[in-house]
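Read off the chains here:
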Amino acid sequence: MTATKLELDIRRRGAMRGILTLGSLDPAFEGAEGVSGGSVVLDLRPVEFVEPAGLCGLAALLEFLISRSRLVGVRIPGHNVAAYLERMDFFRIFGHRVETNVDVAALEERRRGNPGTLQELINFHSEDEIPGIINRISEILENRGYLLRERAAICATLSEICANAVEHGHSPFGAYAAVQAYQHIVSGGRGKGEEVLVAIADGGVGVRETLSRNPQYAEFTETDNEALRHALKMGVTGTGEIGRGGGLAVVGQIAARAGGSLSLRSGSGRVTFYGDRTNSRNVPRFPGTFVRVSLPRKAPEEPAS
Amino acid sequence: MADQRPYAVYDVASGEAGGKLMVTRGTGRRVREALAEVLEGLPVGGVLYVDTRGVELMDYSFADEAVGVLVSRVASGEYGDRRVALVEEDRELLENVEASLRQRSLAMVRVDEVGASPGIVGDVPEHLVETLRAIYEAGSITNADLAAKLGLNHTAMNNRATRLVKLGLIHRTKNTAAPGGRQYSYEGIA
């Protein structure tokens, strides 16, 4: 029996060339819906560079595939991508659950620290695990010279979206998170300055269904995009309790203040919030909720001449 | 005032449930329970100072669960005539406390340190700000004197002050020995 082959949509030119983003996994998610019982192969060979959003999306996709197929194979390209996935703990989590063409033992021997990694791919299931995750990343940030204000922004972003993922998710595999710092701007071109990317994916019921539990939001939950836009507002929560539903709004403000963005994906909706504007579009269905936050670090200002 | 009323200070950073990085509702709940225990142990009229100066980070979920919920319960009278105030400098950490209290249409008194001049975090309706300021400037003032000072009739004055008492921002005492019968007087909580 031949294996079902799942393709990616990796850009071949432009600023996003070769990058494994969440969007690049769309054809594979579409193909995964039809998988039932057989074996399946995911071909990552066009990938040159993996960002946290792509990594968390890949983890969610593999969980989805492992739950519905007999055997999952992953074709991983040349040494750099394999070495990066190894450093991000990808093989620790998936090495024994999928078949790959990579000799993990050889990679482990040559393992080196990655100065930009703030949080390797981590799988968690409950709110109780979050303070430990935050303590660890805060210590790494402090050791790398991040200011208190920057640390607070990164940690508060991560803690709020982690809490959302495990609180509303009812996800069979919990949630995956990863955080990476770059020496350049990754999102939308490679400008001056640095950027920290935070990504989280869960396999839960999604934002629209969570908000639908609150009957007062009936008019905001007709489409996934409406539900996502509504979820960004202060105080919007599925439970209707006062004081709840502030986390995502605060994360949006943190990202906007840093000059970055907050992207949400759930169901067939995708919304990106920039502070002064919000973009929405329809995308292939994502089985869960996905959050990506871009926090640029400003380049040091050049002295006035 | 702080030096006249019984009070206790709870240092969140060194408290048993606390620390420097305060995140999640679960952590907030544990800190709130510790705060509530101290508050309940205070004599009537007492003030609990929640000192967050050693905390480096509070996310919204923690701030709402630890501070927002506690202030809401104090305002609803759950702890009788006992109040809470925040000891914190004017810094970014306050933003999530502010956001939680605004979301709940509540406010609390903030001081840089115990005994310092008070400020407000959260949502106080515009028309009550003037009343609040006048009471804190006076230290202690009767309803009649406050009404005269602000140019309001006694009933309107009483209504405004009652709102502030309910928000947990001032104390009210009944003075039965006042000329002309019973009269309320007000004072700040910190």
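Residues numbered from 1 in each chain as written. Chains lettered and ligands numbered in written order. Predicted model: local features only at pLDDT ≥ 70, side-chain atom pairs only at ≥ 80, totals over all residues. Heavy atoms only, no water.

**Describing the pattern of salt bridges**
The criterion, for reference: The salt bridge criterion pairs a side-chain nitrogen of Lys or Arg with a carboxyl oxygen of Asp or Glu, the two atoms within 4 Å. A helix here means a DSSP run of H or I that spans at least four residues, while a strand means a run of E at least two residues long, and both kinds are numbered starting from the N terminus. Accessibility here uses a 1.4 Å probe with only protein chains present; expressed as a share of the type maximum, an area under 20% marks a residue as buried, one over 50% as exposed, and anything in between as partly exposed.
Counting across every chain of the model gives 32 salt bridges over all chains. Between Arg32 of chain B and Glu65 of chain B there is a salt bridge whose closest N-O contact spans 2.7 Å. One end of the pair, Arg32 of chain B, is in helix H1 (residues 25–40); the other, Glu65 of chain B, is in helix H2 (residues 60–75), and 33 residues separate them in sequence. Residue Arg32 of chain B is classed as buried on the basis of its relative accessible area of 7%. Members of the salt-bridge network, linked through shared partners, are Glu167, Glu241 and Arg244 of chain A together with Arg25, Arg29, Arg32, Asp64, Glu65 and Arg104 of chain B.

**Quick look at the side chain of Thr21 of chain A**
Residues and elements named next belong to chain A. In plain terms, the rule: In what follows, a contact means two residues having at least one pair of non-hydrogen atoms within 4.5 Å.
Positionally, Thr21 belongs in the loop between strand S2 (19–20) and helix H1 (26–33). Judged by its relative accessible area of 17%, Thr21 falls in the buried class. In this structure, Thr21 is in contact with Met16, Glu51 and Gly54, ignoring residues within four places of it in sequence.

**Comments concerning the environment of Tyr84 of chain A**
Residues and elements named next belong to chain A. Summarising the element assignment, Tyr84 is placed in helix H3 (residues 79–87). We classify Tyr84 as buried; its relative accessible area is 9%. In contact with Tyr84, not counting residues within four places along its chain, are Val50, Asn114, Gln180 and Tyr182.

**Overview of the interface of chain B and chain A**
Cut-off, in case you're wondering: The term buried area means the drop in 1.4 Å probe accessible area that two parts suffer when joined, counted for both and summed. Residue polarity is assigned by list, with Asp, Glu, Lys and Arg as charged and Ala, Val, Leu, Ile, Met, Phe, Trp, Tyr, Cys and Pro as nonpolar; anything else, Gly included, falls into the polar class.
With 19 residues of chain B in contact, the opposing surface of chain A contributes 23 residues. Both sides of the chain B and chain A interface together cover about 1800 Å² of buried area, and 54% of this is carbon and sulfur. Together, Leu21, Tyr60 and Gln103 of chain B form the three largest contributors to the area buried by chain B at its contact with chain A, with a combined 27%. Our count for the chain B to chain A interface comes out at three salt bridges. Mapped onto the side of chain B that touches chain A, the elements with two or more residues apiece are H1, H2 and helix H3 (94–103) of chain B. Residue classes in the side of chain B that touches chain A are distributed as five nonpolar, six polar and eight charged.

**A few points about the domain arrangement of chain B**
Residue and element names in this part refer to chain B. Short version of the rule: Each domain's limits were defined by an automated method or a database of domain assignments.
Per the domain assignment, the segments making up chain B are domain 1 (1–123) and domain 2 (124–190). For domain 1 and domain 2, the distance between their C-alpha centres works out to 24 Å. Opposite the 22 residues of domain 1 that make contact, domain 2 presents 16 residues. Summed over both partners, the interface of domain 1 with domain 2 buries about 1500 Å², with 60% contributed by carbon and sulfur atoms. Ionic pairing is found between Glu187 and Arg5, a salt bridge with its closest N-O pair at 3.3 Å.

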